[in-house]
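Examination of the molecular architecture
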Amino acid sequence: RDSDAHVPLKPEALYGMGEASVSWHADSSLQEDSTIGVYHQTSGAPDAADWRVAVRLTTRGGEDTPALCVPLRNRQSYFMCGGFNATPQH
């Protein structure tokens, strides 16, 4: 693997939250009510809050609640527990 390979970030278009590595999605191929855990390590300083996770609640009617964006530090984790992945997107 080429450690110098770089995939450019894309602007988050719906809420103006800056650049994103992936678009809004829910992990639909998981077992129902399963928990998702994500650990992320960046090349930044150990205490740098250089990545973020954003979540929004979607409904079947197509209306969304405002999105929430939380800064996280290098080497931190976040978890979406139980049925959290059923209607929210991240």
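As a starting point, this report considers the structure included with it. This is a predicted model, so every value here is computed, not measured.

Along its length, the chain carries zero helices and seven strands. In sequence order, the secondary structure elements of the chain are arranged as β-β-β-β-β-β-β. Counting every position in the chain, which comprises 90 residues, the buried fraction comes to 20%. Long-range pairs, those at least 24 residues apart, make up 61% of the contacts in the chain with a sequence separation of at least 6. Of the roughly 6,800 Å² of accessible surface on the chain, 52% is carried by carbon and sulfur atoms.

The next subject is the sheet that holds strand 4 (residues 51-57). Taken in spatial order, the three strands line up as 5-4-7 in an open sheet, and their pairing is antiparallel. Edge strands, defined here as strands with exactly one partner in the open sheet, are strand 5 (68-72) and strand 7 (88-89).

Another aspect to go through is the packing of aromatic side chains. Summed over the entire model, instances satisfying the criterion amount to two aromatic pairs. An angle of 80 degrees between the planes, with centres 5.7 Å apart, marks the rings of Tyr15 and Trp24 as edge-to-face. Taking the relative accessible area as the measure of exposure, Trp24 reaches 17% and is therefore buried. For the pair Trp51 and Tyr78, a centre-to-centre distance of 6.1 Å together with 45 degrees between the ring planes defines the contact as tilted. Of this pair, Trp51 sits in strand 4 while Tyr78 sits in strand 6 (residues 76-80), placing them 27 residues apart in sequence.

Attention now moves to unusual backbone geometry. The phi dihedral of Asp33 is positive, around 65 degrees, even though this residue is not glycine. Position of Asp33 relative to the elements: it lies in the loop between strand 2 (19-20) and strand 3 (36-40). Since its relative accessible area comes to 52%, Asp33 is described here as exposed. Positioned with a positive phi, Arg75 is a non-glycine residue whose angle comes to about 70 degrees.

About the cut-offs
- Residues numbered from 1 in each chain as written.
- Predicted model: local features only at pLDDT ≥ 70, side-chain atom pairs only at ≥ 80, totals over all residues.
- Heavy atoms only, no water.
- Helix = DSSP H or I, 4+ residues; strand = E, 2+ residues; numbered from the N terminus.
- Buried < 20%, exposed > 50% of the residue type's maximum accessible area, 1.4 Å probe, protein only.
- Contact = heavy atoms within 4.5 Å.
- Areas by Shrake-Rupley, 256 points an atom, 1.4 Å probe, with all protein chains shown as cover.
- Pairing = 2+ DSSP bridges.
- Phe/Tyr/Trp six-rings, centres within 6.5 Å; stacked < 30°, edge-to-face > 60°.

This is a description of form; function is not addressed.
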